[in-house]
Amino acid sequence: MAYLQLKGIEKFFGDHRAIKGIDLDIQPGEFIVFVGPSGCGKSTLLRLIAGLEHIDGGTLSLEGRDITHLPSSKRDLAMVFQSYALYPHMSVYENMSFALKLAKEDPAVIKDKVERAAKILNLTPYLQRTPKDLSGGQRQRVAIGRAIVRAPKVFLFDEPLSNLDAALRGQTRVEIAKLHRDLGATTIYVTHDQVEAMTLADRVVVLRDGLIEQVGTPLALYDHPANQFVAQFIGTPQMNVVPLAQLPAAVQQLAPAGTAGGSMGLRPENVVLHPSGQGAIRGQVDLVEALGAETLVYVSTAEGAQLVARLSERTPLVAGNPVTLDVATDHAHWFDATGHVVRRKAA
Ligand code: ATP
């Protein structure tokens, strides 16, 4: 049996069905990341699990116990918000110990738990400061510390790093990964950030319009997306998707049966560029972005398609140069007219 189980979970805001029947089994210790475009229902789903919103349909259970309508305080889950939500007049120590104090925990136990959490999060030198005297990253760690001391069954994170600058976000992401490794606590994490999803998750849940599009390990989603939406949502720059009609006849012939009216997808790193003359698709360079470790080359093809190639080496190409591209069929994804993947039958 799953540790945390969602069965047919639904949420309405007035007439708007924001969550449309979600089924998901989460195993103990798993790190699950919810991703999806703005408004797809990530935060709402997390808030339903946290008990901060009423569940209108379906059931939620934790270790086999139905908690669908249990108040948030009784769910044994701890949530960390994007906004930190710290008490400004309390010290770090008081912020972290507040929930335990309310629960009338023994002061010696509280001290031990707070000190241990502070040590894990490198907050020991700051225990007597108030939040205004901390950096954004330190405040976020206090918010995480406050969750840790409660030793919840499940940690819930709602875009915890989105207020931090890029460098701090990277650092804190690594800390969260270590924390999860050390504590082994079941975690559900909402983010917009591809890199966070790919690096932190055991499994990623891709949501769209209140429904799950696909669930899988980060690389399974990257390598075997079930449809064009997931294919283009996971990965930066996003997968090139070219309508079959905009491919030369020689490439169209490679498409498996069932793709009529559909398209071909190719990750930027799988586009093979040649100087003019040798490849299957003819085109012209529109733009070259030299990023140091890699180079992105944007190409318009003779048939009017746009593609981006990611090269791991530098290139002498410049805008206006003619090029040709090869399609490595091993790496091509084929979509039918509705955007679903059509798998190539093994030869
Ligand atoms: P973002 O990435 O922009 O935070 P999200 O995926 O977390 O988006 P939600 O905040 O869960 O999306 O919202 C899902 C849908 O429910 C949206 O259409 C939103 O407008 C709607 N919604 C969310 N909260 C409420 C509310 N309190 N009242 C009415 N509609 C709401």
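Just above sits the structure.
Calculation rules
- Residues numbered from 1 in each chain as written.
- Predicted model: local features only at pLDDT ≥ 70, side-chain atom pairs only at ≥ 80, totals over all residues.
- Heavy atoms only, no water.
- Helix = DSSP H or I, 4+ residues; strand = E, 2+ residues; numbered from the N terminus.
- Buried < 20%, exposed > 50% of the residue type's maximum accessible area, 1.4 Å probe, protein only.
- Contact = heavy atoms within 4.5 Å.
- Near = heavy atom within 4 Å.
- Polar contact = N/O pair within 3.5 Å; in protein donor to acceptor, adjacent residues only side chain to side chain.
- Nonpolar A, V, L, I, M, F, W, Y, C, P; charged D, E, K, R; others polar.
- 1 Å grid on protein atoms, 1.4 Å probe; cavity = no way out; pocket = protein on both sides within 12 Å on 5 of 7 lines; lining within 4 Å.
- Points joined across faces, edges and corners; volume = space filled by probe spheres on them.
- Pairing = 2+ DSSP bridges.
- Axes fitted to C-alpha atoms, helices over the stretch in contact; angles between N-to-C directions.
- Phe/Tyr/Trp six-rings, centres within 6.5 Å; stacked < 30°, edge-to-face > 60°.
- Lys NZ or Arg CZ within 6 Å of the ring centre and 35° of its normal.

*Asks:* What should I look at first to understand the side chain of glutamine 214 in this one?
*Replies:* Structurally, glutamine 214 is set in strand E10 (residues 211-216). Residue classification places glutamine 214 among the buried positions, given a relative accessible area of 14%. Those residues within four positions of glutamine 214 in sequence are excluded, and the remaining contacts are Val204, Val205, Val206, Leu221, His224, Pro225, Ala226 and Val230.

*Asks:* Can you walk me through the site of the ligand in this structure?
*Replies:* Taken together, 13 residues lie near the ligand, and Ser38, Gly39, Lys42, Ser43 and Thr44 sit nearest. In the environment of the ligand, an oxygen atom lies 2.8 Å from a nitrogen or oxygen atom belonging to the backbone of glycine 39. A distance of 2.5 Å separates an oxygen atom of the ligand from a polar side-chain atom of threonine 44. Taken together, the elements giving at least two residues each to the shell around the ligand come down to strand E2 (16-26) and helix H1 (42-50). Looking at the shell around the ligand, the element that brings in the most residues is H1, giving three residues. Along the lines of polarity and charge, the residues of the shell around the ligand split into four nonpolar, seven polar and two charged.

*Asks:* For this particular structure, what's the right way to read the layout of surface pockets?
*Replies:* Where empty space is left becomes clear once a probe the size of a water molecule has been rolled over the atoms. When its volume is computed, the largest pocket comes out at roughly 470 Å³. For the lining of the largest pocket, the secondary structure elements donating two or more residues are strand E6 (77-80), helix H2 (92-102) and helix H4 (136-149). Across the lining of the largest pocket, the residue classes break down as 14 nonpolar, two polar and two charged. In this structure, the second largest pocket is lined by 15 residues; those nearest its centre are Asp223, Asp330, His331, Ala332 and His333. Elements represented by at least two residues in the lining of the second largest pocket include exactly helix H7 (218-223) and strand E18 (333-335).

*Asks:* Just to check I follow, could you spell out the sheet that holds strand E11 (residues 240-243) for this structure?
*Replies:* Sheets are built from strands paired through backbone hydrogen bonds, the pairs being either parallel or antiparallel. If you trace the three strands from one edge of the open sheet to the other, you get E11-E12-E18, paired in antiparallel fashion. The strands lining the two open edges of the sheet, one partner per strand, are E11 and E18. Mean inter-strand twist for the sheet, computed between neighbouring axes without regard to direction, equals 25°. Sheet analysis places E11 next to strand E12 (residues 263-266), joined by four bridges and oriented antiparallel. Opposite valine 241, over in E12, you have glycine 265 as the bridge partner.

*Asks:* Mind showing me how you'd approach the packing of aromatic side chains here?
*Replies:* Across all of its chains, the model carries five aromatic pairs by this definition. With centroids separated by 5.6 Å and ring planes inclined at 40°, the aromatic side chains of phenylalanine 157 and tyrosine 189 adopt a geometry described as tilted. Linking phenylalanine 157 in strand E7 (residues 154-158) with tyrosine 189 in strand E8 (residues 186-190), this pair joins segments that are 32 residues apart in sequence. For phenylalanine 157, a relative accessible area of 3% gives the class buried. Residue classification places tyrosine 189 among the buried positions, given a relative accessible area of 0%. Aromatic side chains phenylalanine 229 and phenylalanine 233 sit 5.8 Å apart centroid to centroid with 15° between the ring planes, which places their arrangement in the stacked category. Linking phenylalanine 229 with phenylalanine 233, this pair stays in helix H8 (residues 228-233), spanning four residues, or about one helical turn. Using a relative accessible area of 19% as the deciding quantity, one classes phenylalanine 229 as buried. Of the aromatic side chains, those joined through ring pairs into one cluster are Phe31, Phe155, Phe157 and Tyr189. If you follow arginine 208 out to its NZ or CZ, it ends over the ring of phenylalanine 229, 4.3 Å from the centre.

*Asks:* When you look at the pairing of strand E15 (residues 295-301) in this model, what are you seeing that I'm missing?
*Replies:* On a regular strand, each side chain points to the face opposite its neighbour's, so the side chains alternate between the two faces of the sheet. Extensive coverage of E15 is indicated by the burial of five of its seven residues. As paired strands, strand E14 (residues 281-290) and E15 are joined by seven bridges and run antiparallel to one another. In the strand pairing of E15, glutamine 284 is matched with serine 300. Hairpin connection between E14 and E15: a loop of four residues separates the two successive antiparallel strands, and glycine 292 in this loop has a positive phi of roughly 100°. Examined bridge by bridge, E15 and strand E16 (residues 306-311) share six bridges and lie antiparallel to one another.

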